[in-house]
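Given next are the chains, with one letter for each unit.
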Amino acid sequence: MLTKEKVQDFLKEIEVDDLVNNLQIMGNDVYIDMTAHSPAMHEKKKLEAAMKQAFASEFGEDINLKLKIASPEPSEIQQSQIKGKQIPGIQNIIAIASGKGGVGKSTVSANMAVTLAKMGFKVGLLDADIYGPSVPTMFDTEGEKPISVEVNGKSMMKPIENYGVKMLSIGYFSGANQAVVWRGPMASKALNQMIRDAAWGELDFLLIDLPPGTGDIHLSIIQEVPVTGAVIVSTPQHVALADVRKGIAMFQMESINIPVLGLIENMAYFTPEELPENKYYIFGNQGAQYLAEDLGIPVLGEIPLIQSIREAGDVGRPAALQEGSKISEIYTETARKMVESLVERNKSLPPTEAVKISTMAGCSPKAK
């Protein structure tokens, strides 16, 4: 028979007894209230999974573990961390990042933006890759220039708009063949102007397409705006995943503490047009899934390597706009999972600068 003493001894054995606030046993049901080490969603999910596995191994599958995991009080570091001011009218700011270049992050950002717009959200896209802006090409807006509009007596930039997405990029201000040769502080200043001096209006989402790596631009974004969550893009091979792990670690640092909403595996497999049911794992199989499981974050989607995605990006019409296509369905499901993860994040974490989504467009939190 399961007793409270046995459970208490086991909690000490697995070294979580200091996290437990309340323990009750009713038959085969064990009720435990705990406080996680960190308010980050991935930490709470890792703790929950580890507890359930440990109890099943020790006491058998018949035991029903009922966990309630609370968030800890913010530490002194978290209380003193630099957080940007809320941007009026913007509900959620999502950073789309990768640990290394060449994984198709900008293509994913463009397709996620148009997919969210198709789902009924008000969407903005900021191209934060100062040195390699690609949004003007991918949205067929090369050569366009943002005009100046007056908002509340202040002169602001009006974002370029196409396919229902409002966009700003350094590519709209520099020539197509002009290299942007700036030091970090100058690039950061230009980026902050595109964020703060733009008439974004009312947005459910502002997606920020970050450059590869972890540098000045990333820190400027984190310090300038209250990022609600980050989405990480990777390809399946080990060399890419090793860098992605570092990118995720940056967001999870205690002084930064931005929740990672999930991982998108790009170029997950190759599917030829004439054999749409065939899958060829050119860059490896399920590498991102294994990494996501290890880090306790969800996989939001697996985007195949399809020729039409590249062709669509080159002509300035993102592939997700192809109604009824397989790629459109995949991006819709990926965007839905991202919104679900975001809803869960806003429910699970203590209120900060993040604001809940006003329009769910058919999405709901994941069932536990």
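Structure's up top.
Residues numbered from 1 in each chain as written. Predicted model: local features only at pLDDT ≥ 70, side-chain atom pairs only at ≥ 80, totals over all residues. Heavy atoms only, no water.

Trainee: Looking at this structure, I do not really get the sheet that holds strand β8 (residues 160-162). What am I missing?
Mentor: The strands making up a sheet are joined through hydrogen bonds of the backbone, oriented either antiparallel or parallel. The 8 strands are arranged β8-β9-β5-β10-β4-β11-β12-β13 in an open sheet whose pairing can be described as mixed. Strand pairing shows two members of the sheet lacking a second neighbour, β8 and β13 (299-305), which therefore form its edges. Recorded for the sheet is a direction-independent mean angle of 25° between the axes of neighbouring strands. Note: strand β4 (residues 90-97) against strand β10 (residues 203-209), 6 bridges, orientation parallel. (Pairing = 2+ DSSP bridges. Helix = DSSP H or I, 4+ residues; strand = E, 2+ residues; numbered from the N terminus. Axes fitted to C-alpha atoms, helices over the stretch in contact; angles between N-to-C directions.)

Trainee: Where do I start with the nonpolar core in this structure?
Mentor: When a protein is soluble and globular, its nonpolar side chains tend to lie buried together. Core analysis: the biggest nonpolar cluster contains 44 residues, and I94, L116, F139, V165, F205, L207 and M338 have the highest contact counts within it. Looking at this core element by element, the count peaks at 8 residues for helix α11 (residues 326-348). If you look at the next biggest cluster of nonpolar residues, it comprises 32 residues, including I90, W200, V225 and F251. (Core = buried A, V, L, I, M, F, W, Y, C linked by side-chain atoms within 4.5 Å. Buried < 20%, exposed > 50% of the residue type's maximum accessible area, 1.4 Å probe, protein only.)

Trainee: So what exactly am I meant to see when it comes to the side chain of S106 here?
Mentor: Secondary-structure assignment places S106 in helix α4 (residues 105-118). Judged by relative accessible area, S106 falls into the buried class, the value being 15%. Within the local environment of S106, its side chain forms a polar contact with the side chain of D209, the two groups lying 2.7 Å apart. Leaving out residues up to four positions away in the same chain, S106 has contacts with S134, M138 and D209. (Polar contact = N/O pair within 3.5 Å; in protein donor to acceptor, adjacent residues only side chain to side chain. Contact = heavy atoms within 4.5 Å.)

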